[in-house]
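Chains, contacts and geometry: an overview
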Protein chains: 2
Amino acid sequence: MKLYGNLNSGNCYKVRLLLSYLGVPYEYVDIDAPHGGTQTPEFLALNPAGQIPLLQLGDGRTLAESNAILMFLAEDTPYVPIGAFDRAKTLQWMFWEQYRHEPAIAVARFICCYAPDREGELPTLHEKGKRALSVMEGHLRDTPWFVGSGPSVADISLYAYTHVAADGGFDLSDFPHVQAWSARMAEHPRHVAMTDIPHSP
Amino acid sequence: MKLYGNLNSGNCYKVRLLLSYLGVPYEYVDIDAPHGGTQTPEFLALNPAGQIPLLQLGDGRTLAESNAILMFLAEDTPYVPIGAFDRAKTLQWMFWEQYRHEPAIAVARFICCYAPDREGELPTLHEKGKRALSVMEGHLRDTPWFVGSGPSVADISLYAYTHVAADGGFDLSDFPHVQAWSARMAEHPRHVAMTDIPHSP
C-alpha cells in the first residue's frame, strides 16, 4: 500500500495514525501540497479532485478522502464500533468533522502557518471553530470516547486537527474535556506524532 | 421513525428520496431552518450541533448528518454497493460532496434564495462549484453511476444539490454528462421531487 500525504496535513495524519494502530506497513510519498503538489498533471491523474491523502492499493486502485480511507482500513477491526447504529454514529461524527470542524479549525491553522494575507478571515473562523469545540466538549462531558467503549475512527478523525488547534489560535484550556480526551488519545501504545516521519517498509 | 427536515434543504431531500426508494413510512416534522428553527432550545436538545436533517428512531435515539443517515438506512439494500472497496468509494464521494460540492453549490443557492446581502461571495462560490461539477463531469464521462452498476447513496447525495444548482446561478448545460445523469436519477420509479410534501403515515 502507498500513502500520498503531507506531514503538515491533519487529514493525512489521520491515516498515518490508524495505520500505526493497526501495524500495517506502507510506503509513504510526500506531496508538497502547500506549494501546488496536488495540482500537477501527474497527481491529478491519480486523484482528479486534487487532494491528499490518497491511498493506493497494491493493484493500483486509489481511494481519496481521509475519513473514507479510515473506514476502509478499519473495517473489521476494533476501531469501527460494532452494530448498525454505532457505525452510523461514527459516520455522523466523521461527516460533522469535515463539515463543521475541519473547515474552521484546520483552515485557521493553515492561514496562521502559510497564508498571513488571509488573516482577515480568522475572527469568523475562530467563532465557528469554538462552536465546534463546544459541541465536542458537551459530548465528552458524558463519555470518554465519541462512540462506543474505546477509541474509534471517529476519535482519530477529530483528534487530527483538534490536538494542533493552538497552531490556529485556539485555546484548548477553555475546553477541559476535549483537552483530557486529547491526552487520552496520545496515550495509545501505538501513538505516533503528527511530525514523525513515516518509515517505509 | 421521525424525520426533522425542511423542504428547501437538499441535505434533507437526500433522506426523503432514499426513504421513498425504500418505501419506508415515516413521520415528517418541518423545521424552519432559514429562520432559526434549528437553534431553539427544543431542537438543540435533540441535536446539539443544531442541524437538520435529523432522524429519530422509535426508541428516541437520534442520528444527524445527511450522509450518515443515508448509510444507516441503506445498509443491506441495493443502494449501498457490495464489497469493501466499492463501499469505501461510495463514502469517498459522500465525503467529497460535503467538503467540496455542498459548501459551494448549496451555499450559492442559499445566498440567491435567502441572503442577497451576501452576493459578494458568489464569484468565489461559482468558481469552486464549477470545479466540483467538472470533477463529476469527468467521472460520469466513463460510467453512468458514481459507484457500481446502479444508483447508490453516493448518487442520491450528489443529486440533491446538483439538480437545483441553477437556483444558485450554475448552468448545467456546460456539464452534459452531469445533466444526463441527473435526468437518469429522475427516472427512478419511486422518485419524489424536492418540493413534494411528505405524507406522514
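Computed from a predicted structure; not experimentally measured. (Residues numbered from 1 in each chain as written. Chains lettered and ligands numbered in written order. Predicted model: local features only at pLDDT ≥ 70, side-chain atom pairs only at ≥ 80, totals over all residues. Heavy atoms only, no water.)

1. As for the overall build of chain A
Looking only at helices and strands, one finds seven helices and four strands in chain A. Of the regular secondary structure in chain A, the N- to C-terminal order runs β-α-β-α-β-β-α-α-α-α-α. Taken against the 2.2 N^0.38 rule, which gives 17 Å for 201 residues, the C-alpha radius of gyration of chain A at 17 Å falls within 12% of a compact globule. Principal-axis analysis of the C-alpha atoms gives chain A an extent of 45 × 45 × 30 Å. Within chain A, residue pairs in contact and separated by at least 24 positions form 68% of the contacts whose partners lie at least 6 positions apart. Here chain A has roughly 8500 Å² of accessible surface; of this, 53% comes from carbon and sulfur atoms. Averaged over its 15 positive side-chain charges, chain A has a centre that lies 4 Å from the centre of its 23 negative ones. (Helix = DSSP H or I, 4+ residues; strand = E, 2+ residues; numbered from the N terminus. Rg over C-alpha atoms; globule rule 2.2 N^0.38 Å. Contact = heavy atoms within 4.5 Å. Areas by Shrake-Rupley, 256 points an atom, 1.4 Å probe, with all protein chains shown as cover. Lys, Arg positive; Asp, Glu negative; His and termini not counted. Charge placed at Lys NZ, Arg CZ, Asp CG, Glu CD.)

2. Some details on the relation of the copies chain B and chain A
Once chain B has been moved 0.0 Å along the axis and rotated by 180 degrees, it coincides with chain A to within an RMSD of 0.0 Å. Overall, the copies show the geometry of a two-fold rotation axis. When the interface residues of chain B are mapped onto chain A, 100% of them are again interface residues, pointing to one common binding face. (Least-squares fit on C-alpha atoms with pLDDT ≥ 70 in both.)

3. Structural notes on the interface of chain B and chain A
Counting residues at the interface gives 29 residues for chain B and 29 residues for chain A. Taken as a group, Phe85, Phe95 and Tyr99 of chain B account for 28% of the area that chain B buries against chain A, more than any other trio of residues on that side. On inspection of chain B and its partner chain A, the count reaches zero salt bridges. In this assembly, chain B and chain A are joined by eight residue pairs in polar contact (both at pLDDT 80 or more). (Buried area = accessible area lost by both parts, 1.4 Å probe. Salt bridge = Lys/Arg side-chain N within 4 Å of Asp/Glu carboxyl O. Polar contact = N/O pair within 3.5 Å; in protein donor to acceptor, adjacent residues only side chain to side chain.)

4. Concerning the nonpolar core
Counting 115 residues, the largest nonpolar core has Phe146, Val153 and Trp181 of chain A together with Phe146, Val153 and Trp181 of chain B as its most contacted members. Not counting residues within four places of it along the chain, the set of residues in contact with Trp181 of chain A comprises Met136, Leu140, Pro144, Trp145, Phe146, Asp155, Leu158, Tyr159 and Thr162 of chain A. (Core = buried A, V, L, I, M, F, W, Y, C linked by side-chain atoms within 4.5 Å. Buried < 20%, exposed > 50% of the residue type's maximum accessible area, 1.4 Å probe, protein only.)

5. A short note on empty space enclosed by the protein
For the coordinates displayed, the defined rule picks out one cavity of 30 Å³ or more. Its volume calculated, the largest cavity comes out at about 50 Å³. Along its surface, the largest cavity is lined by Ala84, Arg87, Ala88 and Leu91 of chain A together with Met71, Phe72, Glu75 and Arg87 of chain B. Mapped onto the lining of the largest cavity, the elements with two or more residues apiece are α4 (84-114) of chain A together with α3 (66-74) of chain B. Element by element, the count of residues in the lining of the largest cavity is highest for α4 of chain A, at four residues. (1 Å grid on protein atoms, 1.4 Å probe; cavity = no way out; pocket = protein on both sides within 12 Å on 5 of 7 lines; lining within 4 Å. Points joined across faces, edges and corners; volume = space filled by probe spheres on them.)

6. Things to note about the pattern of salt bridges
Note that side chains of opposite charge can pair when their charged atoms are close. Residue and element names in this part refer to chain A. All chains considered together, the criterion is met by twelve salt bridges over all chains. The residue Glu127 makes a salt bridge to Arg131 at a minimum N-O spacing of 3.0 Å. With Glu127 and Arg131 both in helix α5 (residues 122-140) and four residues apart, this pair spans about one turn of that helix. Its relative accessible area of 49% is what places Arg131 among the partly exposed residues.

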